Structures are given as C-alpha cells and as structure tokens.
Amino acid sequence: MPKNKLFKYERVKHLPNVTFSVFGESAPPRSYPWYDERYRGMQRVLELGCGKGEYSLAFAAANPRKLCVGIDYKSHRICVGAERAIAKGLENVHFLRARVERIGDFFLKHSIQEIWLTFPDPHPKHRAIKSRLSASFFLGVYASLLVPGGTVYLKTDSDLLYEYTRASVQRWGGREITNSDAMHGADDGAEGTFEVVSAYEHAARSRGAAIKFIAFKLN
C-alpha cells in the first residue's frame, strides 16, 4: 500500500465522523451514530460508493435537516471526505467504511428516505452482473431499508448500467419516477444534487459522455 494511502488508512479510524467496520464484527444497527438522539426527526440519506464524498458533502450542505451517510470501502477516499466535512463544519454527514453488500447490518429497516448510487461500477462483464448496485439482490436490500415511498436515485455515464437498471427495476416490481439519458438541466432529486460535479463526472463530461439519471421507488 502506498505510504499516503497507509497514512489515511490509519488516520480515518480516528476521525469522529467515520465508522470503520471490521469484517466479522457487528453491532445492533441502533448503536451506530446516525441513530443518535441528536438526529431525531432528521431524514436519512445514503450515498453508496461515495468515494471522496463530493456528493455527500453537497447534500449535507444544501440540506441541513437531513443526515447524509456516505458509504465506501476505500479508506483513503473516505478520509478525504471526512476531513473536508470537519473543515467545513458539517455535522450532518457521516461516513461508513464498509462493503455495500453489508449495509443491512448498519441501518434499521424502513429508516432511510433516499439512497443515491453515484457513478457506481457498471461491472460490464456478464459474470459480474450480480455485483451491479441495481441487481435484484441490492434492490431487495434497498426496499427493506427505505421508508414507505422512499426513493433510489442513480447517476451514471454508462449506457449499459442505465438500461440494465431500468429493466431490473421493472422485473423487481418497482416503478420509475423519472429518467433521463442526458440529464443536463434536470431538476429532480434532493437540493444540492445537481449543483455539484465530482471529479469523475467532470472527466466523463469532458470526454463527451452523457450523464444518465433514474429515480425509482421499490415500496
């Protein structure tokens, strides 16, 4: 592991706005900080595969009455987002270092209002279809976590993932709220969503990729 990544791997464990999960260890969902009394009455938003937290920070800054939890397995990326949140004084954003497959271990059923999938890996190879974050397994997990009427949002530059997600939601029995295969100027979703452009999204737009967007419900 490069020296800088190793430093961040150690540092992130001690940041007050990061929960660092260890494989094989778990605690009751209600014991995690996003269910603290200080957040009572706040809506909870998850960003899966949050990277350096660019979107999570934007959500939190634009929506002070919502609590955003950014989830990623890359410790050095989470470290960047968590330190930026501290520097900005954002107290309504937390980060969880864990695999997305395990999110059901950390959150109570029917306690999440929104789930964001921001430019997830499209896993283009056929053998990796089950790893796509809009595969049937994940949709089932999202449905169990979302409050009735809660919404899942996807932003992607992948035509493959965009079309797959639309078909997957339909097969699962969910329903699309809105979609766009070129979302420039779209105004759906949480405030702060479209004002921010992550480094990845900027690179995608620079090479001429259209940004696709889907919002759907599962219950």
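Everything numeric here is computed off the predicted structure, so don't read it as measured data. (Residues numbered from 1 in each chain as written. Predicted model: local features only at pLDDT ≥ 70, side-chain atom pairs only at ≥ 80, totals over all residues. Heavy atoms only, no water.)

Engineer: I would appreciate a short explanation of the overall build of the protein in the present structure.
Structural biologist: Across its full length, the protein carries six helices and eight strands. Sequence-ordered secondary structure for the protein, helices as α and strands as β, is α-β-β-α-β-α-β-β-α-β-α-β-α-β. Burial statistics for the protein: of 219 residues in total, 52% are counted as buried. A total accessible area of about 10,800 Å² is found for the protein, and carbon and sulfur atoms account for 51% of it. (Helix = DSSP H or I, 4+ residues; strand = E, 2+ residues; numbered from the N terminus. Buried < 20%, exposed > 50% of the residue type's maximum accessible area, 1.4 Å probe, protein only. Areas by Shrake-Rupley, 256 points an atom, 1.4 Å probe, with all protein chains shown as cover.)

Engineer: In this structure, what is going on with the sheet that holds strand 2 (residues 43–48)? I would like to understand it.
Structural biologist: The strand order across the open sheet built from eight strands is 1-4-3-2-5-6-8-7, with neighbouring strands paired in mixed fashion. Edge positions in the sheet fall to strand 1 (18–20) and strand 7 (175–180), since each has one partner strand and no second. Averaged over neighbouring strand pairs, the angle between their axes works out to 15° when direction is ignored. Both strand 6 (residues 146–156) and strand 8 (residues 212–217) contribute to a ladder of six bridges, which runs antiparallel. If you follow Tyr153 over to strand 8, its bridge partner there is Ala215. Taken strand by strand, helix 3 (residues 75–88) contacts strand 1, strand 3 (66–72) and strand 4 (93–97), and its axis lies near 165° from that of strand 4. Sitting on the sheet, helix 4 (residues 136–145) is in contact with strand 2, strand 5 (112–118), strand 6 and strand 8, with an inclination near 135° to strand 6. (Pairing = 2+ DSSP bridges. Axes fitted to C-alpha atoms, helices over the stretch in contact; angles between N-to-C directions. Contact = heavy atoms within 4.5 Å.)

Engineer: When you look at helix 3 in this model, what are you seeing that I'm missing?
Structural biologist: Since one α-helical turn is 3.6 residues long, residues separated by three or four positions face the same way. Given a rise of 1.5 Å per residue, 14 residues ought to cover 20 Å, and the 20 Å separating the end C-alpha atoms of helix 3 matches this to within 8%. Those residues of helix 3 that fall on the buried side of the exposure criterion are Ser75, His76, Ile78, Cys79, Val80, Gly81, Ala82 and Ala85. Where helix 3 ends, the next residue or the one after it, Gly89, has phi of about 75°, a positive value. (Expected span 1.5 Å × (residues − 1).)

Engineer: Sorry, what's going on with the nonpolar core here?
Structural biologist: Side chains that are nonpolar tend, in soluble globular proteins, to be buried together. Counting 37 residues, the largest nonpolar core has Trp34, Leu46, Leu48, Phe107, Ile115 and Tyr142 as its most contacted members. Counting residues per element, the ones that place at least two in this core are strand 2, strand 3, strand 5, helix 4, strand 6, helix 5 (159–172) and strand 8. Here this core takes six residues from helix 4, the largest share from any one element. Beyond its immediate chain neighbours, meaning those up to four positions away, Trp34 contacts Thr19, Tyr39, Arg44, Leu67, Val69, His94, Leu96, Phe106 and Phe107. Counting 26 residues, the second largest nonpolar core, distinct from the first, contains Val12, Phe20, Val93 and Phe119. (Core = buried A, V, L, I, M, F, W, Y, C linked by side-chain atoms within 4.5 Å.)

Engineer: For this particular structure, what's the right way to read the pairing of strand 2?
Structural biologist: With five of its six residues buried, strand 2 lies for the most part within the structure. One ladder, built from six bridges, connects strand 2 with strand 3; its direction is parallel. Residue pairing for strand 3: Glu47 is matched across the bridge by Gly70. Between strand 2 and its parallel partner strand 3, the chain crosses via helix 2 (residues 54–62), and the hand of that crossover is right-handed. Relative to strand 5, strand 2 is paired through four bridges, and the arrangement is parallel. (Right-handed = clockwise from strand over helix to strand, strands pointing away.)

Engineer: How should the pattern of salt bridges be read in this particular structure?
Structural biologist: Once their charged atoms are close, side chains differing in charge can pair, the charge on each being opposite to the other. One pass over the structure, following the stated rule, counts eight salt bridges. Notably, a salt bridge pairs Arg40 with Glu37, separated by 2.7 Å at the nearest N-O pair. In this pair, the class of Arg40 matches that of Glu37, namely exposed. One salt bridge connects Arg102 with Asp105, and the closest N-O pair in it is separated by 3.3 Å. Residue Asp105 is classed as partly exposed on the basis of its relative accessible area, which comes to 36%. (Salt bridge = Lys/Arg side-chain N within 4 Å of Asp/Glu carboxyl O.)

Engineer: Quick question: what am I supposed to make of the packing of helix 4 against helix 5 here?
Structural biologist: Helix-helix packing is described using two parameters, namely the angle between the two axes and the distance between the axes. In contact at an axis separation of 10 Å, helix 4 and helix 5 are set at 60° when each is read in the N-to-C sense. As helix 4 packs across helix 5, the resulting crossing turns out to be right-handed. Of helix 5, the residues touching helix 4 (which contributes Ser136, Leu139, Gly140 and Ala143) are Tyr164, Ser168, Val169 and Trp172. Each residue belonging to the contact of helix 4 with helix 5 can be placed in one class, and the counts come to five nonpolar, three polar and no charged. (Left-handed = near helix turned anticlockwise from the far one by under 90°. Nonpolar A, V, L, I, M, F, W, Y, C, P; charged D, E, K, R; others polar.)

Engineer: Explanation requested: the confidence of the model for the protein in the structure shown.
Structural biologist: Predicted coordinates in regions of low pLDDT should not be interpreted in detail. Here the protein averages 89 in pLDDT, while 89% of its residues score no lower than 70. Least confident of the elements in the protein is helix 1 (residues 3–12), whose mean pLDDT is 72; most confident is helix 4, at 98. (pLDDT = per-residue confidence, 0-100.)

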